[in-house]
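Architecture at a glance
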Amino acid sequence: MSERFYSDAKLYDRLFPGGGPAVDFYRAEADRQGGSVLELGCGTGRKLIPIASDGHPCVGLELSPGMLAEAQRKAAERGVELEWVQGDMRAFDLGRTFDLVIIAANSLLHLHEASDLVDCFRSVRRHLAPGGRLVFDVFNPSVQMLAQADGVRRRREALSFVDPDRGRVHVDVAETYDAAAQVTRGTWYFSTESETDVVVAPLEIRSIFPQELPLLLSLGGLRLVERFGDWSGGPFTGDAAVQLCVCEPD
């Protein structure tokens, strides 16, 4: 249901410019772990290209052809060499192992079923070298925010951006929360000053609550060894915005 959202990779990069603390966090994890790095759901390479530029052998796996093409273009433009693979993070076989596997920017939350998450973790487990680690980030669900997902279309001014061809682009979002599935189902509307709804795209994101996360990892042959609540490595608390998870083979 979210393919349309990721079909325009340049639009995605302008909507979520990224960088900053998240990139620094993953670069530091790669340096700390050493060796080779695999990123699942690598998108346009905003985390992996800087890691590769630090000298780590890197592979990026991505389902969306459009996102993968943009990642390849950006890496070539910057003169950074790494390998790109189109594939599904639930089931892949790269024929080698890695010292670090990362899943950044809530990419894991595109897997809605518990069985899909377990399949992903099992695939990661098979690709971890001795001493290897999985590091990923997902948001920490807020019951208050989920309760506000009432289906009403609202403008999100903080997400507005400037497109070189279209000018200023405004973003409206309408979301509902399916509590049984733990999935937020949204529709994103992109409009310019002169044209309404230039792009309309669905986006569905799962919530993973703190107490279920270690259980899902365990079913996938992994264990949670550290969980941080911010990009500086602060402790995870109930009101933390993110869950930064460090995992090892069980």
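Residues numbered from 1 in each chain as written. Predicted model: local features only at pLDDT ≥ 70, side-chain atom pairs only at ≥ 80, totals over all residues. Heavy atoms only, no water.

The chain is annotated in an unreviewed UniProt entry as Class I SAM-dependent methyltransferase of Cellulomonas dongxiuzhuiae.

Another aspect to go through is the overall build of the chain. The helix and strand inventory of the chain stands at seven helices and twelve strands. Its C-alpha atoms give the chain a radius of gyration of 18 Å, within 12% of the compact-globule value 18 Å for 250 residues. Its C-alpha atoms put the chain at 55 × 45 × 30 Å along the principal axes. Across the 250 residues that make up the chain, the buried fraction comes to 51%. Put simply, of all contacts in the chain between residues at least 6 apart along the chain, 63% involve residues at least 24 apart. (Helix = DSSP H or I, 4+ residues; strand = E, 2+ residues; numbered from the N terminus. Rg over C-alpha atoms; globule rule 2.2 N^0.38 Å. Buried < 20%, exposed > 50% of the residue type's maximum accessible area, 1.4 Å probe, protein only. Contact = heavy atoms within 4.5 Å.)

Our next topic: the nonpolar core. Among the nonpolar cores identified, the biggest contains 48 residues, and Leu40, Leu108, Leu134, Phe136 and Phe190 are the most heavily contacted of them. Ranked by residue count, the leading element in this core is helix H5 (residues 114-126), at five residues. Ignoring any residue separated from it by four or fewer positions in sequence, one finds leucine 108 in contact with Met89, Ile103, Leu117, Cys120, Phe121, Phe136, Val138 and Ile208. Counting 24 residues, the second-largest nonpolar core is a separate cluster that includes Phe25, Tyr26, Ile51 and Ala52. (Core = buried A, V, L, I, M, F, W, Y, C linked by side-chain atoms within 4.5 Å.)

As a further point, take helix H4 (residues 65-78). With 14 residues, H4 ought to run about 20 Å at 1.5 Å a step, and its terminal C-alpha atoms sit 20 Å apart, in line with that. The complete set of buried residues in H4 reads Met67, Leu68, Glu70, Ala71, Lys74 and Ala75. On an axial view of H4, the arc spanned by its buried residues comes to 160°, and they lie on one face. Seen from the buried face of H4, the exposed residues on the opposite side, beyond 90 degrees, are Pro65, Ala76 and Glu77. On its buried side, H4 packs onto helix H1 (9-15), helix H3 (48-53), strand S2 (58-62) and strand S3 (83-86). Positioned one or two residues after H4, glycine 79 has a phi angle of 70°, which is positive. (Expected span 1.5 Å × (residues − 1). Arc of directions from axis to C-beta.)

Inspection of every chain in the model, using the stated rule, returns zero disulfides. This cysteine, cysteine 120, is not joined by any disulfide, and cysteine 247 carries the nearest cysteine sulfur, 11 Å off. (Disulfide = S-S within 2.5 Å.)

Turning our eyes to something else, we now look at the pairing of S3. Sheet topology note: the S2/S3 ladder contains four bridges and is parallel. Bridge pairing in S3 links glycine 60 to tryptophan 84. Running through H4, the crossover from S2 to the neighbouring parallel element S3 is right-handed. (Pairing = 2+ DSSP bridges. Right-handed = clockwise from strand over helix to strand, strands pointing away.)

What follows covers the packing of aromatic side chains. For the structure on display, the rule yields ten aromatic pairs. A ring pair is formed by tyrosine 6 and tyrosine 12, whose centres lie 5.5 Å apart and whose planes are at 50°; its orientation type is tilted. Tyrosine 12 matches tyrosine 6 in its accessibility class, with the two residues each being buried. Of note, arginine 153 hangs over the ring of tyrosine 189, and the distance from its end group to the ring centre comes to 3.9 Å. (Phe/Tyr/Trp six-rings, centres within 6.5 Å; stacked < 30°, edge-to-face > 60°. Lys NZ or Arg CZ within 6 Å of the ring centre and 35° of its normal.)

Further remarks concern the side chain of aspartate 163. Of note, aspartate 163 is situated in strand S7 (residues 161-163). For aspartate 163, the side chain forms a polar contact with the main-chain nitrogen of arginine 166, separated by 3.0 Å. Leave out the neighbours within four places in its chain, and aspartate 163 touches Arg14 and Val169. (Polar contact = N/O pair within 3.5 Å; in protein donor to acceptor, adjacent residues only side chain to side chain.)

This part is about H5. Here H5 contains 13 residues, and its C-alpha end-to-end distance of 19 Å stays within 8% of the 18 Å for a straight helix at 1.5 Å per residue. Three or more residues of H5 are buried, namely Asp116, Leu117, Val118, Cys120, Phe121, Ser123 and Val124.

Another point: the environment of glycine 95. Following the sequence through the fold, glycine 95 ends up in the loop between S3 and strand S4 (98-103). Under the relative-accessibility criterion, glycine 95 is labelled exposed at 67%. Once the C-alpha coordinates of glycine 95 and arginine 126 are considered, the two residues, 31 residues apart in sequence, prove to be 9.6 Å apart.

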